[in-house]
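Working through the structure, step by step
So you can see what is in the structure, the chains are spelled out below.
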Amino acid sequence: MSAPASPTPRVRFAPSPTGYLHVGGARTALFNWLFARRQGGTFVLRIEDTDVERSSTDMVTGILEGLTWLGLDWDEGPGVGGPHAPYFQSERLDRYRAAARELVAAGRAYYDFGGPSKRGDAAAADDGSYERRYDRDAALAVTPDEVQRRLVAGEAHAIRFLVPPGETAFADLVHGEVRFDNAHIEDFVVLRSDTYPTYHLSVVVDDIDMAITHVVRGDDHVSNTPKQVLLYQAFAAAVPQFAHVPLIMGTDKKRLSKRHGATSVTEYERQGYVPEAMVNFLALLGWSPGGDVELMSTADLIGRFALEGISTGNAVFNTEKLDWFNHQYLTRRSDDDLAALLRPWFERAGLWHDDLAGARRSWFHEVLGLLRPRAKKLGEFVEGATPFLSAPRDYDADGRAKHLGAPDLAAHLTALGDAFRTLEPFTEASLEQGLRGVAEARGVKAGVLIHATRLAMTGRTVSPGLFEMLRLLGRDEVVARLGRMTATL
RNA sequence: GCCGGUAUCGUCUAGGGGUCAGGACACGUGGUUCUCAGCCACGGGACCGGGGUUCGAAUCCCCGUACCGGUACCA
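Cut-offs and rules
Residues numbered from 1 in each chain as written. Chains lettered and ligands numbered in written order. Predicted model: local features only at pLDDT ≥ 70, side-chain atom pairs only at ≥ 80, totals over all residues. Heavy atoms only, no water. Helix = DSSP H or I, 4+ residues; strand = E, 2+ residues; numbered from the N terminus. Rg over C-alpha atoms; globule rule 2.2 N^0.38 Å. Buried < 20%, exposed > 50% of the residue type's maximum accessible area, 1.4 Å probe, protein only. Contact = heavy atoms within 4.5 Å. Core = buried A, V, L, I, M, F, W, Y, C linked by side-chain atoms within 4.5 Å. Expected span 1.5 Å × (residues − 1). Pairing = 2+ DSSP bridges. Right-handed = clockwise from strand over helix to strand, strands pointing away. Salt bridge = Lys/Arg side-chain N within 4 Å of Asp/Glu carboxyl O. Polar contact = N/O pair within 3.5 Å; in protein donor to acceptor, adjacent residues only side chain to side chain. Axes fitted to C-alpha atoms, helices over the stretch in contact; angles between N-to-C directions. Parallel < 35°, antiparallel > 145°, perpendicular 65-115°, else oblique. Left-handed = near helix turned anticlockwise from the far one by under 90°. Phe/Tyr/Trp six-rings, centres within 6.5 Å; stacked < 30°, edge-to-face > 60°. pLDDT = per-residue confidence, 0-100.

**A look at the overall build of chain A**
- Secondary structure summary: chain A contains 20 helices and 11 strands in total.
- Relative to the compact-globule value of 23 Å for 489 residues, chain A shows a C-alpha radius of gyration of 32 Å, a clear excess of over 25%.
- Oriented by its inertia axes, the alpha-carbon framework of chain A measures out at about 110 × 55 × 40 Å.
- The buried share among the 489 residues of chain A stands at 48%.
- Considering only contacts in chain A between residues 6 or more positions apart, those separated by 24 or more positions represent 76%.

**Re the nonpolar core**
- Judged by nonpolar contacts, the single largest core of 104 residues is most densely connected at F317 and F420.
- Counting residues per element, this core draws most heavily on helix α1 (residues 23-39), at 9 residues.
- Counting 35 residues, the second largest nonpolar core, distinct from the first, contains L103, A109, I212 and F235.

**With respect to helix α12 (residues 335-348)**
- With 14 residues, α12 should reach 20 Å at 1.5 Å per residue; the first-to-last C-alpha distance of 20 Å fits that figure.
- Every buried residue of α12 is listed here: L338, A339, L342, W345 and F346.
- Contacts from the buried residues of α12 go to α8 (265-270), α11 (319-332), α13 (361-371) and α14 (379-389).
- Positive backbone phi, at 70°, marks G350, one or two positions downstream of α12.

**A closer look at the environment of F180**
- Within the secondary structure, F180 is located in strand β6 (residues 176-181).
- Overall, the relative accessible area of 22% leaves F180 in the partly exposed class.
- Counting along the chain gives 47 residues from F180 to K227, while the straight-line C-alpha distance between them is 9.8 Å.

**What about the pairing of strand β9 (residues 241-245)?**
- For β9, the buried fraction is high: 4 of the 5 residues fall into the buried class.
- Bridging between strand β8 (residues 214-218) and β9 involves 5 bridges; their strand directions are parallel. Paired with G218 across the strands is V245, a residue of β9.
- Regarding the hand of the β-α-β motif, the stretch spanning β8, helix α7 (residues 225-234) and β9 is right-handed.

**Thoughts on the pattern of salt bridges**
- In this structure the tally under the stated criterion is 36 salt bridges.
- Measuring nitrogen to oxygen at the nearest pair gives 3.7 Å for the salt bridge that ties D194 to R192.
- Residue classification places D194 among the partly exposed residues on the basis of a relative accessible area of 38%.
- Here E424 and R475 are joined by a salt bridge, their closest N and O atoms 3.0 Å apart. Taken as a pair, E424 in the loop between α16 (409-422) and α17 (428-442) and R475 in helix α20 (residues 475-488) lie far apart in primary sequence, 51 residues in all.
- The exposure class of E424 is exposed, given its relative accessible area of 63%.

**Examining α7**
- The buried fraction of α7 amounts to 9 of the 10 residues, a majority that puts the element mostly inside the structure.
- Restricting attention to buried positions, one finds in α7 the residues T225, P226, K227, Q228, V229, L230, L231, Y232 and A234.
- Where α7 ends, the next residue or the one after it, A236, has phi of about 55°, a positive value.

**Regarding unusual backbone geometry**
- With an omega of 0°, the peptide bond between A85 and P86 qualifies as cis.
- Residue P425 is bonded to the preceding E424 through a cis peptide linkage, with omega at -10°.
- Summarising the element assignment, P425 is placed in the loop between α16 and α17.
- Of note in this structure, A236 is not a glycine but carries a positive phi near 55°.
- Assignment of secondary structure puts A236 in the loop between α7 and β9.
- A relative accessible area of 71% means that A236 is categorised as exposed.

**Observations regarding the side chain of T225**
- Positionally, T225 belongs in helix α7.
- Among the polar contacts listed, one links the side chain of T225 to the side chain of R217, at a separation of 3.2 Å.
- Discounting chain neighbours no more than four positions away, the residues touching T225 are F170, R217, F242 and H244.

**Quick look at the packing of α17 against helix α18 (residues 446-458)**
- Interhelical geometry of α17 versus α18 gives an angle of 125° and a closest axis separation of 8 Å. On the basis of their axis angle, the class for α17 and α18 is oblique. Between α17 and α18 lies a crossing of right-handed hand. On α18, the residues touching L435, R436, V438 and A439 of α17 are A446, L449, I450 and T453.

**Section: the packing of aromatic side chains**
- Tallied over the entire structure, the rule returns 13 aromatic pairs.
- Measuring from centroid to centroid gives 5.4 Å for F346 and F364, while their planes differ by 75°, and the two rings are edge-to-face. Taken together, the residues F346 in helix α12 and F364 in helix α13 connect sequence positions 18 residues apart. Side by side, F346 and F364 carry an identical accessibility label, which is buried.

**Here we look at the confidence of the model for chain A**
- Confidence in the prediction of chain A, expressed as mean pLDDT, is 92, and 96% of residues score 70 or more.
- In this model residues 120-126 is a low-confidence stretch, pLDDT under 50, and it forms 5 contacts with partners more than four residues away in sequence or in other chains.
- Two numbers describe this predicted complex: its pTM, 0.94, and its ipTM, 0.95.

Okay, here's the thing in structure tokens:
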């Protein structure tokens, strides 16, 4: 079969700025982006802001920032423009109005003077009492002259699509063929009485105008798809390929919402996640390369991504695994990179000193190195580094009770301080040797000294390895902190 | 209600007519050890139910159930 050279794919992410960029949207954007990058196609970003009431420019900004943070750059769209500009639906209104009139002229849609009936107006339809809230026959029975008269009189009207009898099917790259009996499809409104288009109209008009070849979007749109296919047909346009990706659910398998904690990508950034972890994690929610690989750089992801690998069932957003990915990527960051990432965090905590990037740069890197295997999120570096940057103000109560009860502890610690004061060299090995020597000489277990010293250094019961820590703290600080604790005994 | 979709360890998933149903996260045990983390080793843990088709079904088909989505002049 000599198929015509398939055009390079053009995909789009078309968020509605009625909220921030949530993880579900981010995942959809990611799949589109990966597909475009993999195929050498074009990734279009289009803002669907036809719902003036609920859209806001702040949300637009937030969405763009979220995408940027994730590293998902768009080839056409806000900020970068493109041959199909504008990319805001609010700036394309005339186009939709013209398209709606086209439909009427072609006999595929009709004027409805019935007035709006929002969803809430109708009785709940789950008791079998469902009824359509429009009267096609009545609307169609109005003579053209009468329609004209009412139009001229400025009577409010919507334009409804005239759904033809028959069946509408489409091939979905994830689900296979999906068919709908048109009898179940309403004569949906394409242009509201306020002259704004509905989603179905604007999305189809734009996808046609922007030459979109593959529509990759959430599963919640499969039921909408036949309406849109009907619209493509009415416009005599080529129907794009569809790929409906499963939805992301909360741990209770319910639709993700505020109840589940963070849902916006910005919130994850604030919580100390790094974008490459988020990208890797999100990519695997609903998609698999087919083997056992899990840790994949963005380049790997691009190299392996295929629509065929998208799962059919919904996925639960599981933060524990995200934490693991974050830990993996945190571990892999270079020292300078990590330090740069952390700087604002330390600044916010009031622990930043410029020499951490200057004279004490390598010392700081060593501190971070001690913390790396223990940190899952950026904030944990701040938490863990605090004892290195400031002496403890007090000692953990449980720690005191558990580790400071040994008889003659003050004397032991004084001896330890004395030993450390003259220890040469001041290295991990000699520190350990020194401490164990004191313990032995004084007839106590090394652990007694170790735990008490840890508490003296950090005020806490948990910390990185004691001797590595002592070395980095430096002789003066170690001796001082030891003395300070001894004084409280 | 109606329409559509989905169903493999707790979670993300691989696989897909004949496999010990594989991996990862999480979990448990042991080891390393000064605590924690890490690391290493080991371990428990799944094909929604019922019918078919077949020599054989977790895999294909049907029904049921559950869940998700749609059923707006929201997107």
